[in-house]
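Tertiary structure, described
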Amino acid sequence: MQPIILSAQCLGLFPIVGITEKTTSALQFRWFSLRTVLSVTVMTSAFLVAIAELRRIARTGVNFSNIINPYFFADTAIIVGLLIRLGRRWEHLMVQVENVERILLKPCYNLRQVHLKRNCWLAAGTWLVLATAEHFFATTSFVNDQRMESLRCNWTYTNAIENYARRNYAYVFNLPWMPYNIPVLLYLRYVTFSVTLAWTYQDVILIVVCIYMNTRYRQFFTRIEVAASVDRPPPAESFWGEIRYHYIALSDLLQSMNYELSALVINSCSNNIFLVCYILLHSLGPKQSTLSFTYFWFAVCFFVGRTCTVMLTAAKFDRTLKRALQVVHRIPNEGWCDELNRYYHHLRIEKVSLSGKRFFYLTRRTAFGVSSADLL
């Protein structure tokens with residue numbers, strides 16, 4: 001995942017030093033590193049743009065249609081701040097991951113059918129490419145709509161780039177002390193692109209973490225399923241003691257992930273629901289061109305697909321845990337022992353899923369509830 005994190009850092013996201021090193025001890029968060037300064041600059045710029053947008057719509061009138069711009073910049077600034085917060089704890093999380101990897105990379109946990117790296121790359125790469133395409137598609141559609149509006153109204157201008165800048169970034173270039181200039185326009189485009197990708201990076205982190213944890217849980221439970229199959233003698237108590245020890249290490253990692261990612265979970269769920277509802281609200285409005293119509297449905301598919309991917313990937317924990325409980329239920333009475341009883345009790349009481357500060361859990365019921373809310 002190094003290239004994905006490094007690409008995020010080029011956009012001012014996830015400021016961690018030592019990503020390219022082989023050991024977790026090289027991972028550090030430094031407030032005065034170039035990465036952190038860039039992240040804070042992008043976050044501050046997004047907040048200032050949100051304030052400028054709010055001042056503009058306060059003069060023209062606030063409604064659900066024009067609130068999207070200040071909401072977009074304010075929310076993405078919060079995401080950048082949450083990624084900075086996560087970066088401060090990333091070294092601690094990776095140390096725990098390293099400890100779990102020492103356990104689950106043992107020969108007793110069969111790795112031949114585990115395609116963890118491929119699955120993470122496929123999920124992250126797909127959504128980041130689609131997010132980049134959506135951003136440039138949106139920009140192209142907006143420029144095309146401006147061009148068609150100018151033709152209908154017989155507006156004339158000598159510089160198309162300046163016209164785009166003054167209309168799209170009126171809250172900056174209409175200021176008396178800020179004349180139109182290319183460097184400021186390029187910086188505004190960079191900030192806009194960075195914070196737009198922050199929406200998707202937030203979901204990509206959750207998706208990759210869920211894929212990783214679910215893969216390790218399935219790998220762990222598969223060992224138990226093989227050892228406790230009906231055609232084999234019941235495992236000894238020492239086996240269940242080792243299993244319980246390994247399961248506690250895996251559960252501790254999930255709890256740490258849950259604690260550090262809870263704020264991202266809340267923001268991701270609320271943000272995705274709002275975006276899908278906002279887009280669907282404008283589905284009945286007329287489209288100025290075929291390009292606008294095409295972009296609209298591409299955006300709908302993109303946001304709905306991203307939301308469902310996050311929810312359904314996180315909801316897989318439910319099925320994995322139920323499968324583990326079914327395996328334990330099949331063990332005959334003569335195979336039960338104190339260590340197995342403790343492990344079974346741990347399975348029953350533990351909530352194996354990510355949560356939003358424990359206000360809600362990303363289970364299958366939550367996933368279907370959010371999906372139905374989006375569709376309604």
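All figures in this text were calculated on a predicted structure; none of them were measured in a lab.

What counts, and at which threshold
Residues numbered from 1 in each chain as written. Predicted model: local features only at pLDDT ≥ 70, side-chain atom pairs only at ≥ 80, totals over all residues. Heavy atoms only, no water. Helix = DSSP H or I, 4+ residues; strand = E, 2+ residues; numbered from the N terminus. Expected span 1.5 Å × (residues − 1). Patch = residues over 30% accessible without salt bridge, like charges linked within 9 Å, V, L, I, M, F, W, Y side chains within 5 Å. Areas by Shrake-Rupley, 256 points an atom, 1.4 Å probe, with all protein chains shown as cover. Salt bridge = Lys/Arg side-chain N within 4 Å of Asp/Glu carboxyl O. Lys, Arg positive; Asp, Glu negative; His and termini not counted. Charge placed at Lys NZ, Arg CZ, Asp CG, Glu CD. Buried < 20%, exposed > 50% of the residue type's maximum accessible area, 1.4 Å probe, protein only. Contact = heavy atoms within 4.5 Å. UniProt positions renumbered as here; feature names shortened; annotations may be inferred. Arc of directions from axis to C-beta. Axes fitted to C-alpha atoms, helices over the stretch in contact; angles between N-to-C directions. Parallel < 35°, antiparallel > 145°, perpendicular 65-115°, else oblique. Left-handed = near helix turned anticlockwise from the far one by under 90°. Nonpolar A, V, L, I, M, F, W, Y, C, P; charged D, E, K, R; others polar. Core = buried A, V, L, I, M, F, W, Y, C linked by side-chain atoms within 4.5 Å.

Along its 38 residues, helix H4 (residues 116-153) runs 55 Å from first to last C-alpha, staying within 8% of the 56 Å computed at 1.5 Å per residue. Remark: Asn154 follows H4 within two positions and exhibits a positive phi of approximately 60°.

Looking now at a positive patch on the surface. Taken together, the side chains of Arg218, Lys316, Arg319, Lys322, Lys351, Arg364 and Arg365 make up a positively charged region of the molecular surface. At the level of secondary structure, the elements contributing two or more residues to the positive patch comprise helix H9 (290-329) and helix H11 (364-375). The greatest single-element share of the positive patch, amounting to three residues, is contributed by H9. On the basis of relative accessibility, which here comes to 44%, the residue Lys351 falls in the partly exposed class.

Below, the discussion takes up the pattern of salt bridges. Throughout the structure, instances matching the rule amount to seven salt bridges. The partner of Glu101 in a salt bridge is Arg216, with the nearest N and O atoms 2.8 Å apart. Within this pair, whereas Glu101 is found in helix H3 (residues 68-104), its partner Arg216 is found in helix H7 (residues 182-227), the two being separated by 115 residues in sequence. Residue Arg216 is classed as buried on the basis of its relative accessible area of 5%. For Arg244, the salt bridge goes to Glu339, with nearest N and O atoms at 2.9 Å.

It is worth spelling out unusual backbone geometry at this point. Excluding glycine, a negative phi dihedral is what most residues carry, and trans is how most peptide bonds are arranged. Its identity as a non-glycine residue notwithstanding, Phe14 has a phi of 55°, on the positive side. Positionally, Phe14 belongs in the loop between helix H1 (2-10) and helix H2 (34-60).

As for its position among the elements, Ala74 is in helix H3. Apart from residues lying up to four places away in sequence, Ala74 is in contact with Phe47 and Ala50.

Right, let's talk about the UniProt feature "transmembrane region" (unreviewed entry) in the protein for a bit. The positions that UniProt labels "transmembrane region" (unreviewed entry) are, in the present scheme, residues 34-52, 64-84, 187-213, 261-281 and 293-315. Taken as a whole, residues 34-52 contains 100% helix and 0% strand, while its terminal C-alpha atoms sit 27 Å from one another. Annotation note: span residues 261-281, helix share 100%, strand share 0%, distance between end C-alpha atoms 30 Å.

This paragraph deals with the environment of Gly356. Positionally, Gly356 belongs in the loop between helix H10 (338-349) and H11. Linking Gly356 and Ser262, residues 94 residues apart in sequence, is a C-alpha distance of 4.6 Å.

This part takes up H10. Taking 1.5 Å as the rise per residue, H10 with 12 residues should run 16 Å; its terminal C-alpha atoms sit 17 Å apart, in good agreement. Among all positions of H10, only Glu339, Leu340, Tyr343, Tyr344 and Leu347 are buried. Each buried residue of H10 lies within a common arc of 135° when the element is viewed along its axis, so the set occupies one face. In H10, those exposed residues whose orientation departs by more than 90 degrees from the buried face are Arg348 and Ile349. For H10, the secondary structure elements touched by its buried residues are H7, helix H8 (237-281) and H9.

Angle between the axes and distance between the axes: these two values describe a pair of packed helices. The contact between helix H5 (residues 160-168) and H7 brings their axes to 11 Å, and the two run at 55°. Put simply, H5 runs oblique to H7. For the pair H5 and H7, the sense of crossing is left-handed. Across from Ile161, Tyr164, Ala165 and Asn168 in H5, the residues of H7 making contact are Ile182, Leu185 and Arg189. Taken together, the residues that form the contact of H5 with H7 break down as five nonpolar, one polar and one charged.

Together, Ile161, Ile182 and Leu186 give the surface a local cluster of nonpolar side chains, amounting to about 280 Å² of exposed area. On the basis of relative accessibility, which here comes to 56%, the residue Leu186 falls in the exposed class.

Bringing the nonpolar core into the picture now. Core analysis: the largest hydrophobic core is formed by 115 residues, its most contacted members being Phe220 and Tyr343. Among the elements that take part in this core, H7 stands out by supplying 24 residues, more than any other. If we skip the residues at most four places from it in the chain, Phe220 touches Leu104, Tyr109, Ile243, His246, Tyr247, Leu250 and Tyr343.

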